[in-house]
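What follows is the residue order along each chain.
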Amino acid sequence: VLLRPLGSPAPDPLHTGAPRVDYDTPHVKPWGLDMALYLLTKGIATGTMLVSLLLPFVSGDRTPLTTVVGPAISLVFLLATTVLLVADLERPERFFYILVRPNWRSWLVWGAYFLTAQGLLTTLWLGAAIVGPQSLLAWLFWPLVIVSLLTTCYTGFLFRQGLARDLWQGPQSTVDLLAQAIVEGCAVLLLASFVPGVTAS
């Protein structure tokens, strides 16, 4: 029995030489809502952290918004990203093996390490901001900027490495992910700024 794709025209007996689809193999869409949520939560996580780190260069000083609120929001969405990533694996327990038995040629492995590093550094930042010592923030600044950029952009290289990934349209896809993350981070911080007290010095 031939499986004809939905919506494909039936063979025309008057035009026997015309090209046609005789059969197809139906399959589930490889990406759906889970990938959209993953890109959204990761963009918010990394973009909010990046903007929180860099905004004081424009505004002139740090406030609770960029010192505590922004990084806390970033950490929440980073945890959500990790949950989505692990849940999307056919065997979620393999996430542990990605960390302990890595294939260094896989961008999925690099991404797992970037996400882990982002979570650890963000947790250290929040600990130093809330409990102290405040001097630790200066030491964490550049490592967090670098790892936030890496965590934002690695997905573009993952798209390139995967076969038949329509989201990879060239190197500009990675730049586009960074631009999206910055816009999402700005939007989140703008919404958070309406909470009384978070913008006070």
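Residues numbered from 1 in each chain as written. Predicted model: local features only at pLDDT ≥ 70, side-chain atom pairs only at ≥ 80, totals over all residues. Heavy atoms only, no water.

Visitor: Is there a simple way to think about the packing of aromatic side chains in this case?
Guide: For any two aromatic rings, the description comes down to two numbers: the centre-to-centre distance and the angle of the planes. Under the defined criterion, the tally for this structure stands at 6 aromatic pairs. Consider the rings of F141 and W142, whose centres lie 5.0 Å apart with planes at 85 degrees: the pair is edge-to-face. Here W142 falls in the exposed class, since its relative accessible area comes to 54%. By the ring-pair criterion, three or more aromatic residues cluster together here, those being W104, W110, Y113, F114 and Y154. (Phe/Tyr/Trp six-rings, centres within 6.5 Å; stacked < 30°, edge-to-face > 60°. Buried < 20%, exposed > 50% of the residue type's maximum accessible area, 1.4 Å probe, protein only.)

Visitor: Got a minute to help me understand the nonpolar core in this structure?
Guide: One recurring pattern in soluble globular proteins: nonpolar side chains tend to sit buried together. Ranked by internal contacts, the top residues of the largest apolar core, which has 13 residues, are M49, L53, L121, W125, L137, L144 and V145. Secondary structure elements with two or more residues in this core: α1 (33-54), α5 (107-130) and α6 (136-161). If you tally residues by element for this core, the top one is α6, at 6 residues. Every residue in contact with L121, bar those within four places of it in the chain, is listed here: L140, P143, L144 and V147. Among the nonpolar cores identified, the runner-up in size contains 8 residues, and L78, F114, L115 and Y154 belong to it. (Core = buried A, V, L, I, M, F, W, Y, C linked by side-chain atoms within 4.5 Å. Helix = DSSP H or I, 4+ residues; strand = E, 2+ residues; numbered from the N terminus. Contact = heavy atoms within 4.5 Å.)

Visitor: So what exactly am I meant to see when it comes to the environment of I98 here?
Guide: Within the element layout of this structure, I98 appears in helix α4 (residues 94-100). We classify I98 as buried; its relative accessible area is 14%. Considered as a pair, I98 and Y113 are 15 residues apart in the sequence and their alpha carbons are 8.9 Å apart. Here I98 is in contact with L108, V109, A112 and Y113, once residues within four sequence places are set aside.

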